[in-house]
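Overview (structure and organization)
Now for the letters of each chain:
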Amino acid sequence: MKAPKLLFLALIIIAASAGLATAQATINVKPGGPRQATNMAAEQDNDIIDEIFSPITQRLNLTASQKFRITNIATATMLRAEPLFQQLDELDDQLSQAAFEGRLEESALRGVSEKQAAILSQIISMKARAKMGFYRVLTAEQRAVVVEQFRSRAAEGNLGSISN
């Protein structure tokens, strides 16, 4: 009597295993898939670096490690600043709504403007700290290139986001 029960149990286990094996998902990994994602990330990093250091990005000849560190500083700063930009948008919406409804009072305008100024001050401070972080990553020679470009372009205009 024990043999038929054991045989029946074995058949159930085999059948269940076969059913589970066919129910498993198959994941196909295409050659070059992760590489494409890596290339996209590298392109995004290069875009950030160009945005920061344009027009002198090529002259700086940044190493991969420097690019990585600078991109991390910039990305972290942008992520921390995002809620502040959202607050600015909300305050601007409040001003617009009040102005278009004809109920904009001077005291309310002053209060919202002061809030906006405080938020902008925080953003400017974050940006200055990020620039200081970029500076620390650069070598002495690279710093000299940045300073030279900044001085020569100060009267002319913009040096990417370094001068803003």
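From a predicted model like this one, the values you see are computed outputs, not experimental measurements.

Comments concerning a negative patch on the surface
- Negative charge collects at one region of the surface, where Glu82, Asp89, Glu90, Asp92 and Asp93 lie side by side.
- Tracing the chain through its elements places Asp93 in helix H4 (residues 64-100).

What about the nonpolar core?
- Core analysis: the biggest nonpolar cluster contains 15 residues, and Ile52, Phe53, Leu60, Leu62, Ile70 and Phe134 have the highest contact counts within it.
- Counting residues per element, the ones that place at least two in this core are helix H2 (33-53), H4, helix H5 (106-137) and helix H6 (140-153).
- Sort the elements by how many residues they give to this core and H2 lands first, with 4 residues.
- Counting 9 residues, the second largest nonpolar core, distinct from the first, contains Leu84, Leu91, Val112 and Met126.

Side note on the confidence of the model for the protein chain
- Confidence in the prediction of the protein chain, expressed as mean pLDDT, is 80, and 71% of residues score 70 or more.
- Across residues 6-12 the pLDDT falls below 50, and counting only partners more than four positions away or on other chains, this stretch makes 0 contacts in the model.

A look at the packing of aromatic side chains
- Inspection of the entire model under this criterion finds 1 aromatic pair.
- Lying over the aromatic face of Tyr135, Arg143 brings its terminal NZ or CZ to 4.4 Å of the ring centre.

Side note on the pattern of salt bridges
- Evaluated as defined, the whole model comprises 2 salt bridges.
- Notably, a salt bridge pairs Arg59 with Glu148, separated by 3.5 Å at the nearest N-O pair. Of this pair, Arg59 sits in helix H3 (residues 57-60) while Glu148 sits in helix H6; the two residues are 89 residues apart in sequence, bridging distant segments of the chain.
- For Glu148, a relative accessible area of 46% translates into the label partly exposed.
- Glu101 is the salt-bridge partner of Arg103, the closest N and O atoms lying 2.5 Å from each other.
- The class of Arg103 is partly exposed, set by a relative accessible area of 46%.

Focus: unusual backbone geometry
- Here the amide bond leading from Ser54 into Pro55 is cis, since omega sits at 10°, within 30 degrees of zero.
- When you line up the elements, Pro55 lands in the loop between H2 and H3.
- Within the chain, Asn61 stands out as a residue other than glycine whose phi angle is a positive 50°.
- Here Asn61 lies in the loop between H3 and H4.
- A relative accessible area of 61% places Asn61 in the exposed class.

Details of the environment of Leu62
- By the element assignment, Leu62 lies in the loop between H3 and H4.
- Put simply, Leu62 and Leu138 are 76 residues apart on the chain and 8.1 Å apart in space, counted from C-alpha to C-alpha.
- The residues touching Leu62, leaving out its near neighbours within four places in the chain, are Ile49, Phe53, Lys67, Ile70, Leu138 and Gln142.

Basis of the calculations
Residues numbered from 1 in each chain as written. Predicted model: local features only at pLDDT ≥ 70, side-chain atom pairs only at ≥ 80, totals over all residues. Heavy atoms only, no water. Patch = residues over 30% accessible without salt bridge, like charges linked within 9 Å, V, L, I, M, F, W, Y side chains within 5 Å. Areas by Shrake-Rupley, 256 points an atom, 1.4 Å probe, with all protein chains shown as cover. Salt bridge = Lys/Arg side-chain N within 4 Å of Asp/Glu carboxyl O. Lys, Arg positive; Asp, Glu negative; His and termini not counted. Charge placed at Lys NZ, Arg CZ, Asp CG, Glu CD. Helix = DSSP H or I, 4+ residues; strand = E, 2+ residues; numbered from the N terminus. Core = buried A, V, L, I, M, F, W, Y, C linked by side-chain atoms within 4.5 Å. Buried < 20%, exposed > 50% of the residue type's maximum accessible area, 1.4 Å probe, protein only. pLDDT = per-residue confidence, 0-100. Contact = heavy atoms within 4.5 Å. Phe/Tyr/Trp six-rings, centres within 6.5 Å; stacked < 30°, edge-to-face > 60°. Lys NZ or Arg CZ within 6 Å of the ring centre and 35° of its normal.

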